[in-house]
Amino acid sequence: MNSSLYILAGLVPLASASEAFAEEAGNRRDDQADKRPNILFILSDDHTSQTWGIYGGVLADYAVSDNIGRLADEGVTLDNCFCTNSISAPSRASILTGRYSHGNGVYTLDDTLCTSIPTIATVLQKNGYNTALIGKWHLKSQPQGFDYYSIFYDQGEYRDPTFINSTDLWPGDRNFGERVRGFSTDLVTEKAINWMKGQPEDEPFLMCCHFKATHEPYDFPERMRHLYDGVVFPEPENFMDWGPEANGRTFEGQKIEEIARRWTEASKDPDRWWCRYPELPFSTEGMSPLAARKAAYQKLVRDYLRCAATIDDNIGKLLDALDDMGIADNTIVIYVADQGYFLGEHGFFDKRMYYEEAARMPFVIRYPGEIPAGRRVGDLILNVDFAATLADYAGVGAPDGSQGRSFRANLRGDTPADWRKSIYYRYWTQHKERPAHIGVRTDRYKLIFLYGNRLDMTGSEDYVSEPSWEFYDLQADPHEDHNAYNDPEYQYVIGKMKKEMMRLRSETGDTDASRTEMHRILQSQGLENPSGRRM
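What you see is a predicted model; the values in this text were computed from it and never measured. (Residues numbered from 1 in each chain as written. Predicted model: local features only at pLDDT ≥ 70, side-chain atom pairs only at ≥ 80, totals over all residues. Heavy atoms only, no water.)

Asks: Explain the pattern of salt bridges to me, and be specific about the residues and the numbers.
Replies: Applying the stated criterion across every chain yields a total of 53 salt bridges. In this structure, Glu-356 engages Lys-446 in a salt bridge whose closest nitrogen and oxygen atoms are separated by 2.7 Å. Here Lys-446 lies in strand S17 (residues 445–450) and Glu-356 lies in helix H10 (residues 356–359), a separation of 90 residues in the sequence. Lys-446 gets classed as buried once you look at its relative accessible area, which sits at 0%. Residue Arg-426 pairs with Asp-510 through a salt bridge whose shortest N-O separation is 3.0 Å. In this pair, Arg-426 sits in strand S15 (residues 423–427) while Asp-510 sits in the loop between helix H13 (491–508) and helix H14 (516–524), placing the two residues 84 residues apart along the sequence. (Salt bridge = Lys/Arg side-chain N within 4 Å of Asp/Glu carboxyl O. Helix = DSSP H or I, 4+ residues; strand = E, 2+ residues; numbered from the N terminus. Buried < 20%, exposed > 50% of the residue type's maximum accessible area, 1.4 Å probe, protein only.)

Asks: Describe the environment of Met-518, listing the residues and the values that go with them.
Replies: Relative to the elements of secondary structure, Met-518 occurs in helix H14. Given a relative accessible area of 0%, Met-518 falls into the buried group.

Asks: Quick rundown of helix H8 (residues 256–268)? Include the residues and the values.
Replies: Between its first and last C-alpha atoms H8 spans 19 Å; for 13 residues at 1.5 Å apiece the expected length is 18 Å, and the two agree. Turning to H8, its buried residues are Ile-256, Ile-259, Ala-260, Arg-262, Trp-263, Thr-264 and Ala-266. Against the buried residues of H8 lie helix H9 (289–325) and strand S11 (349–350). (Expected span 1.5 Å × (residues − 1). Contact = heavy atoms within 4.5 Å.)

Asks: Any chance you could break down helix H3 (residues 66–74) for me, citing the residues and the numbers?
Replies: When H3 is considered as a whole, its buried residues turn out to be Asn-67, Ile-68, Gly-69, Leu-71 and Ala-72. Residues of H3 that are buried sit in contact with strand S2 (76–78), H9, strand S9 (331–337) and strand S12 (363–366).

Asks: I'd like a rundown of the nonpolar core, residues and numbers included.
Replies: Counting residues in hydrophobic clusters, the biggest one holds 96 residues, and the most contacted among them are Phe-41, Phe-363, Ile-365, Phe-386, Tyr-451, Phe-471 and Met-501. Once you skip the residues sitting within four places of it in the chain, Phe-471 turns out to touch Tyr-445, Lys-446, Leu-447, His-482, Asn-483, Ala-484, Tyr-485, Tyr-490, Val-493, Ile-494 and Met-497. Ranked by size, the runner-up nonpolar core spans 38 residues in total, among them Ile-68, Val-188, Ala-192 and Trp-195. (Core = buried A, V, L, I, M, F, W, Y, C linked by side-chain atoms within 4.5 Å.)

Asks: Help me get a handle on the sheet that holds S15, residues and values and all.
Replies: Judged by pairing direction, the sheet is antiparallel, and its four strands sit side by side in the order S15-S16-S17-S18 without closing on themselves. Whereas interior strands pair on both sides, the edge strands pair on one side only; in this sheet they are S15 and strand S18 (468–473). Across the sheet, the mean angle separating the axes of adjacent strands is 15 degrees when strand polarity is ignored. Of the strand pairs in this sheet, strand S16 (residues 437–441) and S17 are connected by four bridges, and their pairing is antiparallel. Bridged to Val-440 within S17 is Leu-447. Sitting on the sheet, H13 touches S15, S16, S17 and S18, and the angle it makes with S17 is about 70 degrees. (Pairing = 2+ DSSP bridges. Axes fitted to C-alpha atoms, helices over the stretch in contact; angles between N-to-C directions.)

This is how it looks when you write it as structure tokens:
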């Protein structure tokens, strides 16, 4: 409960305070009935909840997150928001289209978003919104539905990035455009503010402000260089997880030693890498495995938090700009990351797997005209819900083919009685250390089926993993340290979760209709019969 509610509690009953807010919000909505809200959608890459400062965790007290905290204090925080495929391009495609990967065709990093698929941008543009996209795009095809765009080629660079502008001839796969001096996060913010200031006061806008940060190589501007000098960061409880033997995990995972290897190799020859890592050289030569892991962790977190602090700094600039323009009350501000990230949990870095750190999307939203301040919502929300929600606020229909559902009522505290009780996830890319898998999660339980086959997916290895299962009781084991799939006490629940997984596959249309190998795998696990029907 925030301080303002403590004051209210001393004056009137809490029910009356809620009624007062509802009446005030209703009056605002009446005043703005003919004025649709502006939308500022701020999206970062890999900015995991462990470093937002509002979700707890061992790094919460070290995060520079005053402006994220301001948004949370003035709006609503989602505690259980998840992506449906924990990798950048697929998550971004789902955000835009409201469709799962199998519905929009972007399964892996190597896939392209078809320009004919409706998105929230195309819908809002057709319905009177001025629309713009600045920063990371990463979906290969030319952006559709934006009156103006200025985007990075592929991942983009942190320093002196190249922008492809909507006024340019579309370059296709070529790294061609305008090179701008400066740090990418600062430049994206500056471009976004300039565009918003140029919009007519009587016309609503959608501004998609997409940062490259905090993606590898976790770079930062010079002003952040000394932010954590002398700090030794605490490690997560399961940092000393060295492999599947101790916890029953069924895959190897991408260990933190891999980022240390990249730094070491880049120290010898920086030009052989696709990115430029800050503050090299780095070496763990002569260290014990334990000392080497600890050294890699300290560098990873220090770089990452300085990169993240730059995001928070720029969120502050965006919020100040809205205030200066006098449009803050009628502007929906969302800040969300496209997925989470491992920072030493399970001994990992990176994302992709259906563990909490990687699949959770930290999310805050502020809209003074309707949303109560300082609330947290625990409902299960998915990235496929974003498009429908923004369309709802704009008073238009969701994009055709959207599979999500508006959570506007949830944000007001009026969760529909039939709101989902379980969520579906699928990571399609196959690699030995991170196999392709399907997941289902409820508020308490999680079941993961690692089918381990590339099927026909781009960007995958031919290596075939033995199909395996993982199950976690998130109430008893919130850090997912013990695979309880074979525990007798959970067999009934696991059986129900398998049925739920198959039900959600059918409900979402993820049927693998033409993939005979997937049906063979499902049959081997007793999930389908030879006719293709679920058991």
